[in-house]
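Overview (structure and organization)
Below are the chains, spelled out letter by letter.
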Amino acid sequence: MDTTRDLDGYHPDSEDSLREYIDRLVAEGYSVSGGEGADPVLIDPGGKAVETWREDYPYDELMDRDEYEDAKYHLQVELLKLQYWAEETGERHIIVFEGRDAAGKGGTIKRFMEHLNPRAARVVALTKPTTTEQGQWYFQRYIRHFPTAGEIVLFDRSWYNRAGVERVMGFCSDDEYAAFMRQAPEFERLIVGDGTHLTKFWFSVTRREQRTRFAIRQIDPVRRWKLSPMDLESLDRWEQYSAAKEAMFAGTDTDASPWISVRSNDKKRARLNAMRYFLSQFSYEGKDEDVIGEVDPLIVQRGRLTVGD
């Protein structure tokens, strides 16, 4: 079975078909490789890697792991320099990580946080709102997690749940969605106007590569927790999610708080370029421009200028 093509005999957007597809992979002897710290790879019965990452991707090869590890280490040193500077100057930073399920948000957050001082950097990943939170202004539960002086806060999904999953899955009304789209740009203008630095990343993954990553999560027992029922429910709504994302970019990608789209079929390139983009925005003490280098325009683009996923 050539998993770089449409599934043989399976509708690509069906939850039941994905489950059947994964069962078929297991029965045919597909497995997952990836040692400590390595990204998992789906392996076919002949021992070859499934290469759905090649779909609509500008590079012919994945980034070399040794090159990646070396660049990541030096960029993480730069992140520490920025953190020291933020603590000394009282700067406040918010980084929003959004994107489709399995697009690589969590892995990128992990690499951002890997060597930062946890006393001044934290990850916020909120669950569904409580009854009390449902009765509050929509943005209120996010505001309570905002950074104080000298702190970096990384949102693993954010208030943009309302523009994405809530919109597509019908968890909010049309009026609530319209209110959010009106208020979000003003909300962010106030955040930035008050001196908080806001960076918004959208991680983009192609359809077949997302399906491969879902299969990896189901086959590998240590990653199975990552595959939620909501992930499976979203499979038959690819186009709806695309439309929601395009509307989100059109309404909330502003010069004050732009969306930055990161192509993440190659997770290594995505992580490094997200770090580069974030660091490139600031003039902190000891900044090494040679280490940061240039943000790859084939991987990172302004959100409102992208099409497709």
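Before any of the text, the structure's been laid out above.
My aim in this report is to walk through the structure given alongside it, one point at a time. Numbering of residues starts from 1 in each chain and follows the order in which that chain's sequence is written. Since the coordinates come from a predicted model, pLDDT governs what is reported: local features require at least 70, and pairs of side-chain atoms require 80 or more to be given and counted, while whole-chain, interface and lining totals use all residues. Side-chain measures here rest on the full set of heavy atoms in the structure, leaving out hydrogens and waters.

1. Quick look at the pattern of salt bridges
Keep this limit in mind: By salt bridge we mean one thing: a side-chain nitrogen of Lys or Arg within 4 Å of a carboxyl oxygen of Asp or Glu. Numbering of helices and strands starts at the N terminus; helices are DSSP runs of H or I of at least 4 residues and strands are runs of E of at least 2. Type-normalised accessible area, obtained with a 1.4 Å probe on protein chains alone, sets the label of each residue: buried when under 20%, exposed when over 50%, and partly exposed for intermediate values.
With the rule as written, the count across this model stands at 28 salt bridges. D56 is the salt-bridge partner of R263, the closest N and O atoms lying 3.7 Å from each other. A residue pair is termed long-range when its members are at least 10 positions apart, and R263 in strand β7 (residues 259–263) and D56 in the loop between β2 (41–43) and α2 (65–89) qualify at 207 residues. What makes R263 partly exposed here is its relative accessible area of 24%. Given a relative accessible area of 61%, D56 falls into the exposed group. Here E289 makes a salt bridge to K287, at a shortest N to O gap of 3.8 Å. If you follow the salt bridges from partner to partner, you end up with R65, E69, K72 and E114 in one network.

2. Side note on the nonpolar core
Counted only if it meets this: Side-chain atoms within 4.5 Å are what join buried Ala, Val, Leu, Ile, Met, Phe, Trp, Tyr and Cys residues into a set we call a nonpolar core. We call two residues contacting when some pair of their heavy atoms lies within 4.5 Å.
Of all hydrophobic cores here, the largest spans 37 residues; its most connected members are F112 and F201. Elements with a contribution of two residues or more to this core: α2, β3 (92–99), α3 (105–113), β5 (152–156), β6 (196–204), β7 and α11 (267–280). Discounting residues that sit within four places of it in the chain, F112 has contacts with L79, I95, F97, L154, F201, A274, M275 and F278. Within the second largest apolar cluster, 24 residues are counted, among which are V124, V153, Y177 and L198.

3. Some points on the pairing of β7
For clarity, the cut-off: Between any two strands, at least two bridges found by DSSP are needed for them to pair.
With four of its five residues buried, β7 lies for the most part within the structure. Relative to β7, β6 is paired through five bridges, and the arrangement is parallel. Pairing of W202 across the sheet is with S261, part of β7. Both β7 and strand β8 (residues 300–302) contribute to a ladder of three bridges, which runs antiparallel. Each bridged residue has a counterpart across the sheet, and for I260 the counterpart in β8 is R302.

4. Concerning the pairing of β5
Of all five residues in β5, four are buried; the element is thus mostly enclosed. Where strand β4 (residues 121–124) lies against β5, four bridges are found, and the strand directions are parallel. Opposite A121, over in β5, you have I152 as the bridge partner.

5. What about unusual backbone geometry?
As a rule of thumb, non-glycine residues mostly have phi less than zero, and peptide bonds are mostly trans rather than cis. In this structure, D56 takes a positive phi of about 50° despite not being glycine. Positive phi, normally seen in glycine, also occurs at R157, with a value near 70°. Note on placement: R157 falls in the loop between β5 and α6 (165–169).

6. Section: the sheet that holds β5
Selection rule: Where helices are involved, their axes are fitted lines through C-alpha atoms of the stretch in contact, as for all axes, and angles between N-to-C directions lie from 0 to 180°.
Strand order in the open sheet formed by six strands is β4-β5-β3-β6-β7-β8, and the pairing between neighbours is mixed. A single partner strand is all that each edge strand has here, and the edge strands are β4 and β8. For this sheet, the mean inter-axis angle between neighbouring strands, taken without regard to orientation, is 25°. Note that β3 and β5 share five bridges and pair parallel.

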